[in-house]
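An overview of the molecular structure
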Amino acid sequence: MCRRSNFLLSFLACLLLVASARGDEVATYLQRLGLKPLLAIHLEQQLAAVKGEQRDLMVRQLADLYADLLASVEDPRQRKKLEDRGRALVNSLPEQQAGSLRLALLRGSFRVAERIAEDHRLRLSDEAEIEKAIQILTEIIPKFNNLLKHLETNIEQFERRLARASSLAASNLFNEIERARARFDEATFYYAWALYYQSWLNERRDNAMIAIRQFAGLLDLETFNPDPNDVSVDLRSLEPIARSILGIALCKSITSSGATAVNWISLLDHENTYKPLRDEAPIWRIALWLEQDEFTRAREELDLFLKSDRRMPSPWLRLIAVQALERGANNRQAEALVRYAVTELASRDALDQVLDLAQRYGTDSLGDRGFALRYVRGVMTYSETRNKHGSDGPTTNPALNEQYAQATTTLEAALGENDVDQYSEAAAACRRLIGYCHYFQGHYLLAKDSFVLAASEMGRNDEAAEALWMAIVCLDKVAHNDRTDQLMSELNGLMNRFLREYPSSEYTPKIMLKRALASRRADVEVVETLLEIPENSEVYPAARLRAMQVLYQLFRESKGELRYAHGRRFVDITLPLMKADLRRLGSADAPNVKDMVTRARMLLEISLSVGVMRRQAARQTFAWLDELLDEHEADLAPFHDELSYRRLLEQMSNGNLADAGALADELWKNEESSIWSRLASRAMFNDANRRWRQLSSADEVDVALLRIIDRFGGRILIETAGDDEALERPAVLAYHATVAEADWLLWNQTRDELRGRAALALYEKLRRSRPNNAGFLRATALLSEEFDQYDQALNCWRLLLAGTDARSNSWFESKFHQINMLIKLERYALAQEVLKQHVLLNSGHGPDPWGARLKGLEVRLQMVQPAALNEHGDEAGDP
């Protein structure tokens, strides 16, 4: 019984103690739910507290309940407990109330003796067990006899009461009589079988003769000389009636002739007979003929059975073998029966049965001619060698190799016998065994050929699947050392054939895994194949591990949404693998801690990557790494910087930019040029840049984000410092432009001169790489003006004017700043000339806001002294 069931029983038993005062309500409730074991406990607890008629009723109910439980229990330990409690109850009951329970207890003892006796029929019981069965039968036969007398007395008492009972009471008494008669018949049935087994085991006739009378009574026949022709055809469909017919037949084989016994068995052939016994009728006839040393008739009966195309069960084969071996010395028909039975057992891989027969009766008794006996001898040599070998892999032991070679020689000789065609199944099994002999000698190609041939001859059954699987194993071992195109093609062909012919085999998941491992491609098809392997397969963990590895490779090789999809799937597969591995730590098959650390690092990489971002998975992985470090001495020191970087990503994903920044600073401090420090700087930079770009308003400025961009962007720019050609790379150009923009905004927000000059320096550097970039020109111009570099500013505005569409907003802005820079450079005459040309050519100053600002410049110029206007007149023609 499972742990949950035991818990439930214990829990409910406690409830019964609490609820005992509620009496019949609890009993009714348990009875309605069908909780018979609990109901028995409850009634036992209540029994001491009740008296009189109520106690009698409860005792009767409890006795019937134990009888039901004993009839259904399968677990020997549970049966023993029930029997002990039942015997204790029987001893406290009046005889007239104990009938059902006594019968149940006797039936349990009988079944123990019956099992031993039937095992002895197959020669599977030892002497001690046989003695035990005889002792049990000796004890229960008189008890059955006494029980029958008491039951008969009870029936007579009920019948006398019935004769004088009222109509209402008569109905109840009639039901009681029917139940009592049913118990009487059941007791008679087991009593008769007990008598038979005692006679058979002791090789005595007396009790068998009594048993015949008991069986005859059950069949409503004349008890001293029952006639099989008088047995009702209709009643044969009932199991007790059919088994009573069998009982008489077996008793007649002891007290009379084999022919008489077989006549009774023939009654079971009728189509109306209880089917399980009708199916067994042929073997019982064979067994009876063998017990009478009628080997020819037994062989004829066997031939009739084989013509029906029915498969003889293995226990029947053993029965034929042991009877023929024990009783048929020097009899040709008996030898033929032995050959058939032993060969069939061998062909079904019942090697333990064959060896047991050889050990009991000697190898010579099995014969020395024909396929069958040679095959059995080969099987025995193989089995003996396997026991010495004790390994599932090939051997290098010369003595064992010699024995495997001997087994091969014997088995191949069996296939060369003239009668081999009579044993198609056994011949295929023989080829498979030859394959194993070659395999254990390390002759893989020879083994492969034998296995393939065996699989083709066996039909599509489990044995054929095993043979084809072994062919694949052998070829895979050869291909491992010599991976030629021809071998790989043949191996793939065998694997495809296996998956096609045996999709539900226990080996199918192994084939799927082997195919995936053999594939050098990392693609989704390989992953799908691996994920189809069911969880109950022994290769399920290995398949998941390989799927994880392939997905990791696909993640690394892919881009965009496909990359994210592979990453998410990787996380879904790897998390359960890690959990399972952690549970196995400390066990005999514990995983390698280094491998677990590697998988954890892969899991962190993907779970914290852009497009995947599984924060909970990352947090769980960090916790597992801490556990591996603290409890399993995992060496994480080589991965300190890497794990710091992953923790940075996890903190950053939660918005903890300060903690993330501190981790990045620590990495920078440890080693500025390390890959993890550089990745940390980029991660901080990119995150801040993304957050800044996502601000709701273009005019909104987050100084903290700008400082992060400046701080970590500056570290990125250091990497290419002194490299004049670095700005030719788009990524480097983008980093420079973003840092320059952030510094410019910081200058505008904080008036931090250091940031402003840094921005100007970056834009000047960018201009050298992209001299005509409008954005860089404009930024350089504006920042140059801020720091009084008017000539540079004027030059930038002139370039912008030349490259901007005339009369566009940017063009008017550039014109305004050009004139403004001329004024700041005190080149008034030129400024006035440029402004006049502008007004003339554009029919005015232009649209606002720049038109108004240009008017303002005109006012300023009007206030300048004439002498000043002529001071630089020599430049009046400058555009």
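These numbers were taken from a predicted model, which means no experiment stands behind them. (Residues numbered from 1 in each chain as written. Predicted model: local features only at pLDDT ≥ 70, side-chain atom pairs only at ≥ 80, totals over all residues. Heavy atoms only, no water.)

Topic: the side chain of Glu 642
- Structurally, Glu 642 is set in helix α29 (residues 640-653).
- By relative accessible area, Glu 642 is classed as buried at 6%.
- Within polar-contact distance, the side chain of Glu 642 engages the side chain of Arg 601 at 3.0 Å.
- When sequence neighbours within four positions are dropped, the list of residues in contact with Glu 642 reads Arg 601 and Trp 676. (Helix = DSSP H or I, 4+ residues; strand = E, 2+ residues; numbered from the N terminus. Buried < 20%, exposed > 50% of the residue type's maximum accessible area, 1.4 Å probe, protein only. Polar contact = N/O pair within 3.5 Å; in protein donor to acceptor, adjacent residues only side chain to side chain. Contact = heavy atoms within 4.5 Å.)

A word on the nonpolar core
- Core analysis: the largest hydrophobic core is formed by 139 residues, its most contacted members being Trp 193, Trp 264, Met 312, Phe 371, Tyr 375, Phe 451 and Phe 498.
- No other element matches the 13 residues that helix α21 (residues 462-481) contributes to this core.
- In contact with Trp 264, other than residues within four places in its own chain, are Leu 219, Leu 221, Pro 226, Asp 227, Pro 228, Val 231, Ile 245, Ile 248, Ala 249 and Lys 252.
- Counting residues in hydrophobic clusters, the runner-up holds 115 residues, among them Leu 636, Ala 660, Leu 706 and Leu 794. (Core = buried A, V, L, I, M, F, W, Y, C linked by side-chain atoms within 4.5 Å.)

Quick look at the packing of aromatic side chains
- Tallied over the full model, the rule gives 26 aromatic pairs.
- Seen in terms of ring centroids, Phe 189 and Tyr 190 are 5.4 Å apart; in terms of plane orientation they differ by 80°. Their pairing is edge-to-face. Neither residue differs from the other here; Phe 189 and Tyr 190 are each classed as buried.
- Here the aromatic residues Phe 110, Phe 189, Tyr 190, Trp 193, Tyr 196, Tyr 197, Trp 200 and Phe 215 are joined through ring pairs into a cluster of three or more.
- One Lys or Arg, Arg 121, reaches over the ring of Trp 200 and ends 4.3 Å from the middle of that ring.
- When the ring centre of Trp 850 is taken as origin, the NZ or CZ atom of Arg 853, which lies over that ring, is 4.5 Å away. (Phe/Tyr/Trp six-rings, centres within 6.5 Å; stacked < 30°, edge-to-face > 60°. Lys NZ or Arg CZ within 6 Å of the ring centre and 35° of its normal.)

Comments concerning the packing of helix α13 (residues 295-307) against helix α15 (residues 332-347)
- Running from amino to carboxyl end, α13 crosses α15 at an angle of 35°, the nearest separation of the two axes being 8 Å. Here the hand of the crossing between α13 and α15 comes out left-handed. For the pair formed by α13 and α15, the contact residues are Phe 295, Thr 296, Ala 298, Arg 299, Leu 302 and Leu 306 on the first element and Gln 333, Ala 334, Ala 336, Leu 337 and Tyr 340 on the second.
- Across the contact of α13 with α15, the residue classes tally to 8 nonpolar, 2 polar and 1 charged. (Axes fitted to C-alpha atoms, helices over the stretch in contact; angles between N-to-C directions. Left-handed = near helix turned anticlockwise from the far one by under 90°. Nonpolar A, V, L, I, M, F, W, Y, C, P; charged D, E, K, R; others polar.)

Some thoughts on the side chain of Ser 505
- Its location among the elements puts Ser 505 in the loop between α22 (485-501) and α23 (508-518).
- Contacts of Ser 505, omitting those with residues within four sequence positions, involve Ala 465 and Phe 498.

Examining the confidence of the model for the protein
- Summarising the model, the protein shows a mean pLDDT of 84, and 86% of its residues fall at 70 or more.
- Predicted confidence for residues 1-23 stays below pLDDT 50, and this span has 17 contacts to residues more than four positions away or in other chains.
- In the predicted structure, residues 872-879 sits below a pLDDT of 50 and forms 15 contacts with residues beyond four places in sequence or in another chain. (pLDDT = per-residue confidence, 0-100.)

Examining the pattern of salt bridges
- Tallying each qualifying case throughout the model produces 48 salt bridges.
- The residue Glu 561 makes a salt bridge to Arg 568 at a minimum N-O spacing of 2.7 Å.
- The class of Arg 568 is partly exposed, set by a relative accessible area of 30%. (Salt bridge = Lys/Arg side-chain N within 4 Å of Asp/Glu carboxyl O.)

Thoughts on the packing of helix α25 (residues 540-557) against helix α27 (residues 593-607)
- The N-to-C vectors of α25 and α27 enclose an angle of 40°; their axes lie 12 Å apart at closest approach. Relative to α27, the element α25 lies oblique. Relative to α27, the crossing made by α25 is left-handed. Contacts between α25 and α27 involve Leu 545, Met 548, Tyr 552, Phe 555 and Arg 556 from the former and Arg 599, Met 602, Glu 605 and Ile 606 from the latter.
- For the contact of α25 with α27, the residue count by class is 6 nonpolar, no polar and 3 charged. (Parallel < 35°, antiparallel > 145°, perpendicular 65-115°, else oblique.)

Points about helix α17 (residues 370-389)
- In this model, α17 (20 residues) spans 29 Å end to end at C-alpha, consistent with the 28 Å of a helix rising 1.5 Å per residue.
- Judged by how many residues are buried, α17 sits mostly within the fold: 14 of 20 residues are covered.
- Note on α17: the residue one or two positions beyond its end, Gly 390, has a positive phi of about 65°. (Expected span 1.5 Å × (residues − 1).)

Some points on the environment of Arg 568
- Its place among the elements puts Arg 568 in helix α26 (residues 560-584).
- With 46 residues separating them in the primary sequence, Arg 568 and Arg 614 have C-alpha atoms 8.1 Å apart.
- Not counting the four nearest positions on each side in its chain, Arg 568 is found in contact with Glu 561, Gly 611, Val 612 and Arg 614.
- For Arg 568, the side chain forms a polar contact with the side chain of Glu 561, separated by 2.7 Å.

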